[in-house]
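As a plain string of letters, each chain reads:
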Amino acid sequence: MPDVSSLPLIGAAALRARAAARVLRTLPTDVKDAALAAMADALVERTDEVLAANAADVDAAAADGTPESVLDRLRLDAGRVAGVATALRDLVALPDPVGDVVRGSRLPNGLQLRQVRVPLGVVGIIYEARPNVTVDAAGLCLKSGNAALLRGSASAFRTNTALVTILTETAEKAGLPAGSVELLPADRASVGELLNARGLVDVVIPRGGASLIERVVRESTVPVIETGVGNCHVYVDASADAAIAEAIVLNSKTHRVSVCNSAETLLVHRDVPFLPRLLSALADAGVTLHGDDAARAAHDAVVPATDEDWATEYLSMDMAVRVVDDLPAALEHIAQWGSGHSEAIVADSASAVADFTAGVDAAAVLVNASTRFTDGGEFGFGAEIGISTQKLHARGPLGLPELTSTTYVVTGNGHTR
């Protein structure tokens with residue numbers, strides 16, 4: 001365990017979380033569920049308090065010249081507050097993973113072996129200007145028996161403070177231990193302390209842009225569950241239905257542009273006859289198209305694309321467009337430029353679907369469906385902490401099971417070796 005004196009900003013909070021985690025791991029499901037339901041009710045009842053704090057954050061961020069895409073992530077309204085409260089209630093309805101037997105067997109020597117899910121312990125979560133993550137992360141951690149150390153961005157600090165005040169006051173009244181949810185200071189030094197709190201913090205999860213994730217992975221002495229940016233693609237095969245392709249591409253790009261599962265690049269087979277119509281639909285929706293020569297020849301609204309466009313997670317009403325010779329060329333493009341988040345194919349050909357799903361390397365592969373479905377709530381997991389693009393322990397939406405580890409329980413009858 002680190003010397004707490006070396007952690008002046010987060011040490012006290014980490015110690016409280018450590019003590020709380022020992023209690024949380026043993027709490028029955030009904031106690032945790034009652035607390036989550038009470039927290040959801042309290043958020044709705046105290047919406048005005050949250051919105052007042054959020055308005056101050058949004059005004060300050062706008063005055064600093066913050067881009068609209070970031071302001072959209074920061075901004076709350078009554079509907080969004082109700083949405084995060086609903087996410088907490090959805091968690092109540094989900095099975096508690098703690099105590100689940102992953103596998104079990106009787107060994108030849110008579111020993112009973114069970115691999116059982118247990119909480120991770122203290123989970124540190126570093127995230128940017130999305131205050132809904134504060135509630136989602138707290139709820140997921142509590143349901144899975146973990147204490148949460150939350151380090152949100154400075155731009156959302158007033159909002160996060162209001163949210164955590166409501167959550168902690170309500171949780172303690174409902175029987176959860178003090179320290180179950182802690183909000184850390186929103187300065188750069190607190191991140192450094194959190195990343196070096198090995199022994200107090202069991203795992204760190206970054207949720208945000210590439211620079212944040214790279215810093216956490218590079219500097220952390222605490223184990224990291226790595227989430228990733230979303231340079232997501234939609235590939236339209238020669239066999240695709242025109243109406244279905246148009247609906248999926250438009251939804252993937254325009255439904256909400258500031259989130260990681262928004263599509264950033266459109267790949268179209270050279271034999272697709274409706275490319276001009278597809279590009280017109282995007283342009284009419286207000287999307288700026290950055291394309292290769294073939295895409296520019298198909299529509300005069302397309303501006304020239306560069307390698308930077310293929311690599312960019314726009315998070316805006318921009319989309320890169322490339323015409324490819326065949327499905328292997330689409331897979332090659334995704335392999336070179338994709339981030340391993342979500343990749344979609346629109347096709348009527350069973351062989352094309354099979355080749356794409358087998359050949360693409362991503363946390364989620366969507367067949368004739370929008371990339372916007374890569375989401376813990378849409379998958380039926382309740383809220384999520386993020387989308388993991390790594391390949392160890394957890395991949396895809398981080399829901400309840402992904403916030404657990406396992407213990408092997410070995411039961412004998414006086415067995416000795």
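Here is what the cut-offs are and how they apply
- Residues numbered from 1 in each chain as written.
- Predicted model: local features only at pLDDT ≥ 70, side-chain atom pairs only at ≥ 80, totals over all residues.
- Heavy atoms only, no water.
- UniProt positions renumbered as here; feature names shortened; annotations may be inferred.
- Buried < 20%, exposed > 50% of the residue type's maximum accessible area, 1.4 Å probe, protein only.
- Helix = DSSP H or I, 4+ residues; strand = E, 2+ residues; numbered from the N terminus.
- Arc of directions from axis to C-beta.
- Contact = heavy atoms within 4.5 Å.
- Phe/Tyr/Trp six-rings, centres within 6.5 Å; stacked < 30°, edge-to-face > 60°.
- Pairing = 2+ DSSP bridges.
- Axes fitted to C-alpha atoms, helices over the stretch in contact; angles between N-to-C directions.
- Domains from an automatic or database assignment.
- Buried area = accessible area lost by both parts, 1.4 Å probe.
- Salt bridge = Lys/Arg side-chain N within 4 Å of Asp/Glu carboxyl O.

Going by an unreviewed UniProt entry, the chain carries the name Gamma-glutamyl phosphate reductase and comes from Blastococcus colisei. Checking UniProt for the chain, the heading Sequence similarities (unreviewed entry) contains the comment "Belongs to the gamma-glutamyl phosphate reductase family." Under the UniProt heading Catalytic activity (unreviewed entry), the note attached to the chain is "L-glutamate 5-semialdehyde + phosphate + NADP(+) = L-glutamyl 5-phosphate + NADPH + H(+)".

Caption draft 1: Molecular detail of helix 11 (residues 275-284). All of the buried residues along helix 11 are L275, L278, L279, A281 and L282. Viewed along the axis of helix 11, the buried residues span an arc of 155°, placing them on a single side of the element. Next to the buried residues of helix 11 lie strand 7 (232-236), helix 10 (242-254), strand 8 (263-269), strand 9 (288-291), helix 12 (293-298) and strand 11 (318-324). Within two residues after helix 11, G286 carries a phi angle of roughly 95°, on the positive side.

Caption draft 2: Focus on the packing of aromatic side chains. This model, assessed by the stated rule, comprises 2 aromatic pairs. Taking 6.1 Å as the distance between ring centres and 15° as the angle between the ring planes, the aromatic pair formed by Y235 and F356 counts as stacked. Of the two residues, Y235 sits in strand 7 while F356 sits in helix 15 (residues 350-359), which places them 121 residues apart along the sequence. For Y235, a relative accessible area of 0% puts it in the buried group. A residue is classified by how much of its surface remains accessible, and F356, at 0% relative accessible area, is buried. Summarising the aromatic geometry, the rings of F379 and F381 are spaced 5.7 Å apart at their centres and angled 85° between planes, so their arrangement reads as edge-to-face. Its relative accessible area of 37% is what places F379 among the partly exposed residues. For F381, a relative accessible area of 32% corresponds to the partly exposed category.

Caption draft 3: Spatial organisation of the sheet that holds strand 2 (residues 112-119). Here we have 3 strands laid out as an open sheet, ordered 1-2-16, and antiparallel in their pairing. What marks the edges here is a single partner per strand, and that holds for strand 1 (101-106) and strand 16 (404-411). Going from strand to strand, the sheet's axes swing by 20° on average, the running direction of each strand aside. The pairing of strand 1 with strand 2 spans 5 bridges and is antiparallel. Its bridge partner lying in strand 2, V101 is registered against V116.

Caption draft 4: Structural detail: the domain arrangement of the chain. Domains assigned within the chain are domain 1 (4-227 + 393-411) and domain 2 (232-378). Computed over C-alpha atoms only, the centres of domain 1 and domain 2 are separated by 33 Å. The interface of domain 1 with domain 2 comprises 8 residues on the first partner and 10 residues on the second. Of the roughly 750 Å² buried between domain 1 and domain 2 on both sides combined, carbon and sulfur atoms contribute 43%. Here R256 and D72 are joined by a salt bridge, their closest N and O atoms 3.3 Å apart.

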